[in-house]
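# Inside the fold
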Amino acid sequence: MIKKYCLMMLLFMSAIAQAKNVNSESISVEKEISIKNNSLIIAGTLLIPDELNSDSLVILLTGSGPQDRNETLDGFSVFKEISVNLQLGGVASFRFDDRGVGSSTGNFNASTLDDHVSDVKKIIEFFKHHNDYNFKKFILLGHSQGGIVAAKTAVNNNDIQKIVLMGAPSVPLVDIVLYQIRQEYMAKEVAVSAVEALVSAHNELMWSISMNKKVALKTKKFNEATKQILKLTNKNITSEALNKQVNDSYKEYEIIYSLPSLTSFLYHDSATDYEKLDIPVLAFFGGKDYQVSIEQNKDIMEKALLKSETNFHFVTFDNANHYFQKAETGLRNEYIKLDKAFVNGFMKELISWITLKQHF
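Description of the structure in this document. (Residues numbered from 1 in each chain as written. Predicted model: local features only at pLDDT ≥ 70, side-chain atom pairs only at ≥ 80, totals over all residues. Heavy atoms only, no water.)

### A word on the sheet that holds strand β7 (residues 137-143)
Our working definition: Strands are labelled as partners when DSSP assigns at least two bridges between them. A run of H or I in DSSP counts as a helix once it spans at least four residues, and a run of E counts as a strand once it spans at least two, with each numbered from the N terminus. In this analysis an axis means a line fitted to C-alpha atoms, helices contributing only their contacting stretch, and an angle means the value between N-to-C directions, from 0 to 180 degrees. Contact definition: two residues touch when any of their heavy atoms are within 4.5 Å.
If you trace the 8 strands from one edge of the open sheet to the other, you get β1-β2-β6-β3-β7-β8-β9-β10, paired in mixed fashion. At either end of the open sheet lies a strand with only one pairing partner, and these are β1 (29-37) and β10 (312-317). Recorded for the sheet is a direction-independent mean angle of 20° between the axes of neighbouring strands. Relative to β7, strand β3 (residues 56-61) runs parallel, the two sharing 6 bridges. Looking at the pairing, S56 lines up with K137 of β7. Along the sheet, helix α5 (residues 145-154) makes contact with β3, β7 and β8 (160-166), crossing β7 at roughly 150°. Relative to β10, helix α12 (residues 294-308) is tilted by about 165°, and along the sheet it contacts β8, β9 (281-286) and β10.

This is the structure:
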């Protein structure tokens, strides 16, 4: 059963004095910030309201793939929308470009889970010691794959006061990938045996590439399963077109499944991180999120947090997709058509929880 906690808005007047320089000025700030992490530059936007209702800085962590600081997805600037609303609610935030995106340097495809954690820790250290924009407490908000980074960073980290998990996985990413493949073809009413053969082929290919073992054998199995599924979904396809699609599909997945930006996440079990948390956790779920589904992730997250004995609060929005827009179907082809806004109540829940002084 989803936990329900009594939430109330508390204005932290004392916070104005606690975060020196930032809060004492009582002026709204929007500042471009560049942070060094060894030879790399992490570039982002700091947004501070003119009156703070929380003494923590919210750091926003993007989902999978190279994302800009606004996390612009299908025309919806998810993180910019969150940051602006946080500012209106009296909460400071920092959002940043992923490595190799926008003004940040580095190579995103070569970056690992540990690299992402390193970047977040460097951001925290920067603001802890900054003369003008100084914060001592931090909240991590991770969207999708960013939730994996948030949880791993927060374990045994006294600087982090709370974390927000927004459509975040609770199972290893390999399970998410396989679930999405299965869902894609189940919706097309393809024979279960053919779908499961393809799912197994992907599973074995990912493992063989990550271990660098039996790749040729697993490649053959992948190609055979792909050919079979293409025949079933396109009965009029020519032999030449079929072979080309099979070859193109393998080349695409060979690249994807070899990228450190994916492979370092594939077998990491976030539930083990959730079990170690000793800070309040807010988790959002979308009833029409078919990328990180409730069915696959919510119960596992809840069991892990129960083991941790920390305070947590789950909120499910019935008609929300993976970006927490109001959705009709939740399918990917719908995203671009939707209003570029969050489902009703999303930002209210977020700001209320962030500014709540005590979590019961």
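### Looking at the pattern of salt bridges
Applied cut-off: Salt bridges are defined by distance alone: a side-chain nitrogen of Lys or Arg within 4 Å of a carboxyl oxygen of Asp or Glu. Buried residues are those whose accessible area, probed at 1.4 Å on protein chains only, stays under 20% of the maximum for their type, while exposed residues exceed 50% and partly exposed ones sit between those limits.
Tallied over the full model, the rule gives 17 salt bridges. Of the charged contacts in the structure, one is a salt bridge between E32 and R69, with a shortest N-O distance of 2.6 Å. Note that E32 is positioned in strand β1 and R69 in the loop between β3 and β4 (72-73), a separation of 37 residues in sequence. A relative accessible area of 52% places E32 in the exposed class. Classification of R69 as buried rests on a relative accessible area of 11%. Across the salt bridge formed by E184 and K188, the nearest N and O atoms sit 3.9 Å from each other. Exposure remark for E184: the relative accessible area of 41% places this residue in the partly exposed category. The network of salt bridges with common partners includes E32, R69 and D97.

### Quick look at the layout of surface pockets
Applicable threshold: As defined here, a cavity is a set of points on a 1 Å grid over the protein atoms alone where a 1.4 Å probe fits but cannot get out. A pocket is an open set with protein on both sides within 12 Å along at least five of seven lines, and residues line them when an atom is within 4 Å of a point. Grid points are joined across faces, edges and corners, and a volume is the space filled by probe spheres set on the points. In this classification, Asp, Glu, Lys and Arg are treated as charged, Ala, Val, Leu, Ile, Met, Phe, Trp, Tyr, Cys and Pro as nonpolar, and every other residue, Gly included, as polar.
By volume, the largest pocket is sized at about 1300 Å³. What lines the largest pocket is a set of 39 residues, among which S64, I176, Q180, Q291 and R332 lie closest to the centre. For the lining of the largest pocket, the residue count by class is 20 nonpolar, 15 polar and 4 charged.

### Quick word on the packing of aromatic side chains
The relative placement of two aromatic rings is captured by the distance of their centres and the angle of their planes. Cut-off, in case you're wondering: Each pair of aromatic rings taken from Phe, Tyr and Trp, with Trp reduced to its six-membered ring, is defined by centres within 6.5 Å and is described as stacked if the planes are under 30 degrees apart, edge-to-face if over 60, and tilted in the remaining cases.
Counted under the stated rule, the structure contains 18 aromatic pairs. Note on F94 and F127: the rings are 5.2 Å apart at their centroids and 65° apart in plane angle, and the pair reads as edge-to-face. In this pair, F94 is assigned in strand β6 (residues 92-96) and F127 in helix α4 (residues 113-128), connecting sequence segments 33 residues apart. Between the aromatic rings of F284 and F317, the centroid separation amounts to 5.8 Å while the plane-to-plane angle is 45°, which identifies the pairing as tilted. One end of the pair, F284, is in strand β9; the other, F317, is in strand β10, and 33 residues separate them in sequence. Each member of the pair, F284 as well as F317, is classed as buried. Site record: aromatic cluster; members linked through ring pairs are F76, F284, F317, F324, F342 and F346.

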